[in-house]
Amino acid sequence: MAKGQKKIKRYNRIYGGRSTLSKVMSVVLTVVILSGVACLGWALYEPVSQFLSGTMQVPEDNSSQDSLSETETSLPEQLPESPPPVILDLSQVRGAYLPVSALQDILLLSQTMDRLKEQGINAILIDGKNARGQVLYQSANQTVAEVAAQVPEAVNLEQITTLAKAKDMIVIARIYAFRDPICSSINKKAAVKYQNTEMLWLDNSLEYGGKSWLNPYSELAQMYIADLSLECIRLGCTAVMLDGVQFPTGYSLDLAGYGVQTKTRQRVLSDFVQDMEELLQENDGVLLYASSSTAMLGMEPSSYESGGLTYPIQNFCPDIRPASFTEELRPESLTMADPLAQPFDTVKAVCAQLQKKGTDKSFLPLLQAYTVPSSALEYTAEQIAEQIEALAECGVTGYILYNEQGNYALS
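The structure contained in this document is the topic of the report that follows. On a predicted model such as this, the values are computed, not experimentally measured, just so you know.

A few words on the packing of helix α8 (residues 219-234) against helix α9 (residues 265-282). With their axes 11 Å apart at the nearest point, α8 and α9 run at an angle of 25 degrees to one another. As far as their axial angle goes, α9 and α8 are roughly parallel. Considering only the axes of α8 and α9, their crossing is right-handed. Facing α8, whose interface residues are Q222, I225, A226, S229, L230 and I233, α9 presents V268, F272, M276, L279 and L280. Within the contact of α8 with α9, the residues separate by chemical class into 9 nonpolar, 2 polar and no charged.

Below is the structure:
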């Protein structure tokens, strides 16, 4: 069942200024307070006057002990305790990604969960909003309806989380942040503009499939991401994996306009994820920050500035799949000719470099559980086990396996 709805803490950096209604209510409240003060002053005038003139008579009080007893018995036995914060021990998470096609038939999903549990999996990662801007679960969010972001085959997320809970598993929803061509193309106030005009900036020409992006500086864009994340938590997800927290990549980046900028790119992203972490915690949820390992290590300055590991948050999901490292973009720790052919050495080297940079962070890495068609090495249970062993040698025991089709054979 979905968690009970709690009050949203309206962080200034995400939810901005007060509404008109709240301003009106503030004025009304001020008037009421001033009226109350005036009435109190009039009521106190006579006793104060008597006190100053020395004519006040103090009545005898023979019931002080009785009053004290009544007061003592009326006090609560103990003050109510605030609920403890939700803590997700990443070292205990053994996750696997499931695509939306594996979630639509609840009976088949139940059987899939049973098979995964038999192989030691206790968490599933699903897509809430993908990199194409599509919302893949049945959402009540108004903006989702306005921009027609929900896919026709959207799944019942609350039904999925209820099933997972019955099997003692957790659900993590992945939300792509600013890489969103659907919302940005309709809600243009939240989008990156061409040289700060009213025209949308695209990451390529239209004939080559250029897409628009949400503006990380936009309060509307940040609110949209926050609202979807909170909705996933309230529908029963334990955590939200926030991906795509970045500035655009592509062509003509110098022509991209972000409006009035009062912060550096690094600061606006850092503030956003910090507020998101606090916001989810206030609503019994956990934030997991996801991106490529090279981005976390500060190797993609055009979109990530100095890298996510500088952000003041706790939980990180680095993508350390051997297939994700190319000849042009790989951490300095990867000295082998073909990282894909050496899964153990690749994962161990990258994990160690991430730990060196993020000494106080918790990691839940994404591992490869599929074979790349162009590779001579088939990724079977043996190669998956090698990656898990490499993590263990670094002291990291939690992970999420990734197979785009959701097919896993771990033994």
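Taking every second residue as pointing to the same face, both faces of strand β13 (residues 399-402) are buried, with Y399 and L401 on one and I400 and Y402 on the other. Pairing of strand β1 (residues 94-97) with β13, which is carried by 3 bridges, proceeds in the parallel orientation. When the sheet's bridge partners are listed, R94 is paired in β13 with Y399. Inspection of the sheet shows strand β12 (residues 366-368) paired to β13 by 3 bridges, in the parallel sense. Counted as the bridge partner of Q368 is Y402 from β13. The parallel pair β12 and β13 is bridged by helix α13 (residues 381-393), and the resulting crossover is right-handed.

Bringing unusual backbone geometry into the picture now. Positive phi is not limited to glycine here, since A148 has a value of about 55 degrees. Among the structural elements, A148 can be located in the loop between α5 (142-146) and β4 (150-155). Assessed through its relative accessible area of 59%, A148 is described here as exposed. Non-glycine residue N196 carries a positive phi angle of around 60 degrees. Relative to the elements of secondary structure, N196 occurs in the loop between β6 (193-194) and α8. Judged by its relative accessible area of 49%, N196 is partly exposed.

In this structure, the largest pocket encloses a volume near 870 Å³. Surrounding the largest pocket, 40 residues form its lining, R174, Y176, D243, R321 and Y402 being those nearest its centre. Elements that contribute at least two residues to the lining of the largest pocket include exactly β4, β5 (170-176), β7 (239-243), β9 (286-292), α10 (293-296) and β10 (315-319).

Another aspect to go through is the pattern of salt bridges. Applying the stated criterion across every chain yields a total of 7 salt bridges. K167 serves as the salt-bridge partner of D114, at 2.8 Å between the closest nitrogen and oxygen. One end of the pair, D114, is in helix α4 (residues 106-118); the other, K167, is in the loop between α6 (157-166) and β5, and 53 residues separate them in sequence. Taking the relative accessible area as the measure of exposure, D114 reaches 33% and is therefore partly exposed. Among the residues examined, K167 registers a relative accessible area of 16% and is labelled buried. In this structure, R267 and D271 form a salt bridge, with 3.0 Å as the shortest nitrogen-oxygen distance. On the criterion of helical spacing, the pair formed by R267 and D271 is a turn pair, its members being 4 residues apart in helix α9.

Turning our eyes to something else, we now look at the packing of aromatic side chains. The full count for this structure, using the stated rule, is 9 aromatic pairs. Between F178 and F272, the aromatic rings sit 5.3 Å apart at their centres with planes inclined by 55 degrees, giving tilted as the arrangement. One end of the pair, F178, is in the loop between β5 and α7 (181-186); the other, F272, is in helix α9, with 94 residues separating them in the sequence. By relative accessible area, which is 0% here, F178 ends up buried. The exposure class assigned to F272 is buried, which follows from its relative accessible area of 1%. Note on Y217 and Y258: the rings are 6.1 Å apart at their centroids and 50 degrees apart in plane angle, and the pair reads as tilted. Pair noted here: Y217 is in the loop between β6 and α8 and Y258 is in the loop between β8 (256-257) and α9, with a separation of 41 residues, a long-range link. Exposure remark for Y217: the relative accessible area of 16% places this residue in the buried category. What links up through ring pairs into an aromatic cluster is the set Y289, Y311, F316 and F363.

Right, let's talk about the environment of T161 for a bit. Within the fold, T161 resides in helix α6. Judged by relative accessible area, which is 5%, T161 ranks as buried. Distance from T161 to I124, taken between C-alpha atoms, is 9.9 Å for residues 37 residues apart in sequence. Discounting chain neighbours no more than four positions away, the residues touching T161 are V171, L235, G236 and C237.

We now examine the side chain of T294. Its place among the elements puts T294 in helix α10. A distance of 3.2 Å separates polar atoms of two side chains, one belonging to T294 and the other to S292. Look past the residues within four positions of T294 in its chain and what remains in contact with it is M299, E300, L329, R330 and P331.

With that settled, consider α13. With 13 residues, α13 extends 18 Å between its outermost C-alpha atoms, agreeing within 8% with the 18 Å of an ideal straight helix rising 1.5 Å per residue. Packed against the buried residues of α13 are α12 (343-357), β12 and β13. G395 lies just past α13 and shows a positive phi near 85 degrees.

With that settled, the discussion passes to the state of the cysteines. Here the structure, examined in full by the defined rule, presents 0 disulfides. Among the cysteines around C232, which has no disulfide bond, C237 carries the closest sulfur, lying 5.1 Å off. Residue classification places C232 among the buried residues on the basis of a relative accessible area of 0%.

About the criteria used
- Residues numbered from 1 in each chain as written.
- Predicted model: local features only at pLDDT ≥ 70, side-chain atom pairs only at ≥ 80, totals over all residues.
- Heavy atoms only, no water.
- Axes fitted to C-alpha atoms, helices over the stretch in contact; angles between N-to-C directions.
- Helix = DSSP H or I, 4+ residues; strand = E, 2+ residues; numbered from the N terminus.
- Parallel < 35°, antiparallel > 145°, perpendicular 65-115°, else oblique.
- Left-handed = near helix turned anticlockwise from the far one by under 90°.
- Contact = heavy atoms within 4.5 Å.
- Nonpolar A, V, L, I, M, F, W, Y, C, P; charged D, E, K, R; others polar.
- Buried < 20%, exposed > 50% of the residue type's maximum accessible area, 1.4 Å probe, protein only.
- Pairing = 2+ DSSP bridges.
- Right-handed = clockwise from strand over helix to strand, strands pointing away.
- 1 Å grid on protein atoms, 1.4 Å probe; cavity = no way out; pocket = protein on both sides within 12 Å on 5 of 7 lines; lining within 4 Å.
- Points joined across faces, edges and corners; volume = space filled by probe spheres on them.
- Salt bridge = Lys/Arg side-chain N within 4 Å of Asp/Glu carboxyl O.
- Phe/Tyr/Trp six-rings, centres within 6.5 Å; stacked < 30°, edge-to-face > 60°.
- Polar contact = N/O pair within 3.5 Å; in protein donor to acceptor, adjacent residues only side chain to side chain.
- Expected span 1.5 Å × (residues − 1).
- Disulfide = S-S within 2.5 Å.

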